[in-house]
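Here is how the chains run, residue by residue.
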Amino acid sequence: MPPGAWPYLESADHILHAGDVCDPSLLDELKSLAPLTVVIGNTDGVDVRHWGAVDEITLELGGVPIAMVHDSGVTLGRRDRLRKRFPDARVVVFGHSHMPMNEDDGELLLFNPGSPTWKRRAPFTSMGILWIENEKVEGEIFPV
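Residues numbered from 1 in each chain as written. Predicted model: local features only at pLDDT ≥ 70, side-chain atom pairs only at ≥ 80, totals over all residues. Heavy atoms only, no water.

Draft legend 1. Quick peek at the environment of R121. Tracing the backbone through its elements, the reader meets R121 in the loop between β7 (109-112) and β8 (126-133). We classify R121 as exposed; its relative accessible area is 59%. Along the primary structure R121 and H98 are separated by 23 residues, whereas in three dimensions their C-alpha atoms are 7.5 Å apart. (Helix = DSSP H or I, 4+ residues; strand = E, 2+ residues; numbered from the N terminus. Buried < 20%, exposed > 50% of the residue type's maximum accessible area, 1.4 Å probe, protein only.)

Draft legend 2. Examining the pairing of β7 more closely. Because side chains alternate across β7, one face comprises the buried residues L109 and F111, and the other comprises L110 and N112, equally buried. Pairing of strand β5 (residues 91-94) with β7 involves three bridges; the strand directions are parallel. By the bridge assignment, V91 is partnered in β7 with L109. In this sheet, β7 lies alongside strand β6 (residues 101-104) in antiparallel orientation, the contact comprising four bridges. Paired with D104 across the bridge in β7 is L109. The loop that links β6 with its antiparallel partner β7 comprises four residues; one of these, G106, has a positive phi angle of about 90°. (Pairing = 2+ DSSP bridges.)

Draft legend 3. Up close: the layout of surface pockets. In this structure, the largest pocket spans a volume of roughly 1100 Å³. At the level of secondary structure, the elements contributing two or more residues to the lining of the largest pocket comprise α1 (6-10), β1 (15-17), α2 (24-31), β5, β7 and β8. Along the lines of polarity and charge, the residues of the lining of the largest pocket split into 23 nonpolar, 16 polar and three charged. (1 Å grid on protein atoms, 1.4 Å probe; cavity = no way out; pocket = protein on both sides within 12 Å on 5 of 7 lines; lining within 4 Å. Points joined across faces, edges and corners; volume = space filled by probe spheres on them. Nonpolar A, V, L, I, M, F, W, Y, C, P; charged D, E, K, R; others polar.)

Draft legend 4. How the structure looks around the packing of aromatic side chains. Tallying each qualifying case throughout the model produces one aromatic pair. Seen from their ring centres, Y8 and F142 are 4.3 Å apart, and the 35° between their planes marks the pair as tilted. Of this pair, Y8 sits in helix α1 while F142 sits in strand β9 (residues 136-143), and the two are 134 residues apart along the sequence. Its relative accessible area of 37% is what places Y8 among the partly exposed residues. Residue classification places F142 among the buried positions, given a relative accessible area of 9%. Above the face of the W118 ring, R120 is positioned so that its terminal group lies 5.5 Å from the ring centre. (Phe/Tyr/Trp six-rings, centres within 6.5 Å; stacked < 30°, edge-to-face > 60°. Lys NZ or Arg CZ within 6 Å of the ring centre and 35° of its normal.)

Here it is, written out as structure tokens:
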């Protein structure tokens, strides 16, 4: 994890990890900072699953229903597909592509924070924050 990521993690109320953890010891460290929810990524081994990562999950944070899955599928039709898959979610967090996305149509926020460690085709390494207050949510993505 790059040094610039730690201040955000240390001040988080809850940490969501959208997969591709690779080393479950990172999860132990993150869990020592805040409650942690993790989905399994395509590069994760059985050790990450044994740690407790799941294929997909839904949870509520601050009154906001959130779903998380590693791979959201192809870009074409993503919003409709995820709305059908998670009909009660206000937010769907996903990873896989490492391409940052923060798109909110007022009903469904699609949120891919990117990756703080491997940018792949993204313009920069990044992470994100979901700001939740009064059962409202806003996403923010930033370089680290």
